[in-house]
Amino acid sequence: MKYLVMVQGTQADYEAMQGKGSAGSVAWTQEDVQAMYSFMQALNDDLAESGEMIDGQGLTEPAKTRHVTLGDDGKAVITDGPYSETKELLAGYWVLDCASLERVTEIAERVLQCPQPAGAPVYPVVIRPIDDGSGDVG
């Protein structure tokens, strides 16, 4: 079964990783950032070695996001980020092919062990099975 495993973050979190702390997210040091990247690289290497990794990416900060919606007139309304009304956004993801929900849950638990500075916000890791399209819709 394929799964989408997602991690979340806010604009303040991205700024904190650049050393600019705020009330919602403590400033990270270069050592903190390096520890996080080293942890994620080791995780990705393990997932690739086990054959479970299909894809995985970290995403750019919310300030570089663009929302495209339909206006009342049916035409596209384009809004560039950041969005003050939005809390957490997708910060990164993995597409994994795992033998079971239990296995992908073990991986999500490992993601939660990623080092970060004391006081940094902790977000849930979200697991969504990917529908292979063979089931009924409705």
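As the structure is a computational prediction, the values presented were derived from the model and not from experiment. Sequence order as written defines the numbering, with residues in each chain counted from 1. Totals for whole chains, interfaces and linings use every residue, but because this is a predicted model, local features are given only for residues with pLDDT of at least 70 and side-chain atom pairs only at 80 or more, for both listing and counting. With hydrogens and water set aside, each side-chain value is computed from the structure's full complement of heavy atoms.

> Looking at this structure, how should I read the environment of Met40?
Tracing the backbone shows Met40 in helix H2 (residues 30-50). With 70 residues separating them along the chain, Met40 and Arg110 place their C-alpha atoms 10.0 Å apart. Setting aside chain neighbours within four positions, we find Met40 in contact with Trp94, Val111 and Cys114. Helix numbers and strand numbers start at the N terminus; a helix is a DSSP run of H or I with at least 4 residues, a strand a run of E with at least 2. Whether two residues touch is decided by their heavy atoms; if any such pair falls within 4.5 Å, the residues are in contact.

> Is there a simple way to think about the pairing of strand E5 (residues 89-97) in this case?
Each regular strand displays side chains that alternate between the two surfaces of the sheet. For E5, a buried count of 7 out of 9 residues is recorded, marking the element as mostly surrounded by other parts of the structure. The rule for pairing is simple: two strands pair if DSSP sees at least two bridges between them. Bridge analysis of strand E1 (residues 2-9) against E5 gives 8 bridges, and the strand direction is antiparallel. Residue pairing in the sheet places Lys2 in a bridge with Asp97 of E5. With 5 bridges connecting them, strand E2 (residues 53-58) and E5 associate as antiparallel partners. Bridging across to E5, Gly56 finds its partner in Trp94. For the exposure calls, accessible area comes from a 1.4 Å probe over protein chains only, and a residue counts as buried if that area is under 20% of its type's maximum, exposed if over 50%, partly exposed in between.

> Help me out: how do you make sense of the pattern of salt bridges in this one?
Side chains carrying opposite charge are able to pair once their charged atoms draw close together. Here a salt bridge means any side-chain nitrogen of Lys or Arg lying within 4 Å of a carboxyl oxygen belonging to Asp or Glu. One pass over the structure, following the stated rule, counts 4 salt bridges. Of the charged contacts, one joins Glu106 and Arg103 as a salt bridge, the two residues approaching to 3.3 Å between their closest N and O atoms. Taken together, the residues span about one helical turn, with Glu106 and Arg103 both in helix H3 (residues 101-111) at a distance of 3 residues. Via salt bridges that share partners, Glu52, Arg103 and Glu106 belong to a single interconnected network.

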